[in-house]
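Analysis of the macromolecular model
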Amino acid sequence: QVQLVESGGGLVQAGDSLRLSCAASIRNFGSYTVGWFRQAPGKLRELVSVSGPSLYYAGSVKGRFTISRDNAKNTIYLQMNNLRPEDTAVYYCAARRAWAIRLTDETYDYWGQGTQVTVSS
């Protein structure tokens, strides 16, 4: 059974940093495209970053967030620097079996339960 478990969320001040982790129980993890999404209250879930054949970042986080993965540990990371109040959201990691970048959430096969990130001004 595939499981994705996020950790690392919390309450921080604007300008601070956080690193989110997502532990995946997936065989052949290295062949999966993985991504981070987020959903703020009252808003649709949006893509933050993807790691696959290439990397993708949403414009709002480019230059501040960095996605990485450790295939030996089956873990995905999201390093978030210079956090802003508008980054406040529940952050989800997701994985898709195909090795290809996709930007929409319906193309992902597995999801974590989410971790809350709150940035105060």
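Residues numbered from 1 in each chain as written. Predicted model: local features only at pLDDT ≥ 70, side-chain atom pairs only at ≥ 80, totals over all residues. Heavy atoms only, no water.

1. A short note on the overall build of the chain
Looking only at helices and strands, the chain features 0 helices and 11 strands. For the chain, the α and β elements follow one another from N to C terminus as β-β-β-β-β-β-β-β-β-β-β. Dimensions of the chain, computed from the C-alpha atoms along their principal axes, are close to 40 × 25 × 25 Å. In the chain, buried positions account for 45% of the 121 residues. By sequence separation, contacts in the chain at least 24 residues apart represent 61% of the contacts at least 6 residues apart. (Helix = DSSP H or I, 4+ residues; strand = E, 2+ residues; numbered from the N terminus. Buried < 20%, exposed > 50% of the residue type's maximum accessible area, 1.4 Å probe, protein only. Contact = heavy atoms within 4.5 Å.)

2. Notes on the environment of S121
With respect to the helices and strands, the residue S121 is situated in the segment after β11 (115–120). Sequence-wise, S121 and Q13 are 108 residues apart; in three dimensions their C-alpha atoms are separated by 6.1 Å. Setting aside chain neighbours within four positions, we find S121 in contact with A14 and P85.

3. A few points about the pattern of salt bridges
By the definition in use, this model includes 5 salt bridges. The salt bridge partner of R97 is D109, with a shortest N-O separation of 3.5 Å. Of the two residues, R97 is situated in the loop between β9 (89–96) and β10 (110–111) and D109 in the loop between β9 and β10; the sequence distance between them amounts to 12 residues. You can call R97 partly exposed: its relative accessible area is 47%. In the salt-bridge network here, residues are joined through shared partners; they are R38, E46, R64 and D87. (Salt bridge = Lys/Arg side-chain N within 4 Å of Asp/Glu carboxyl O.)

4. Remarks on the environment of Y56
When you line up the elements, Y56 lands in strand β6 (residues 55–57). In this structure Y56 comes out as partly exposed when scored by relative accessible area, which is 30%. In this structure, the C-alpha to C-alpha distance between Y56 and R102, residues 46 residues apart in sequence, is 9.3 Å.

5. What to know about the sheet that holds strand β1 (residues 4–7)
A sheet is described by the order of its strands in space; here 4 strands give the open sequence β1-β3-β8-β7, paired in antiparallel fashion. Of all strands in the sheet, those bounded by a partner on one side alone are β1 and β7 (65–70). Looking at each pair of strands side by side, their axes are set apart by 15° on average, direction ignored. Relative to strand β8 (residues 75–80), strand β3 (residues 18–24) runs antiparallel, the two sharing 6 bridges. (Pairing = 2+ DSSP bridges. Axes fitted to C-alpha atoms, helices over the stretch in contact; angles between N-to-C directions.)

6. Digging into unusual backbone geometry
The backbone of N28 shows a phi angle near 55°, a positive value even though the residue is not glycine. Locating N28 in the fold gives a position in the loop between β3 and β4 (33–39). We note that N82 has phi near 50°; this positive angle belongs to a residue other than glycine. Mapped onto the elements of the fold, N82 is located in the loop between β8 and β9.

Geometry only, nothing functional implied.
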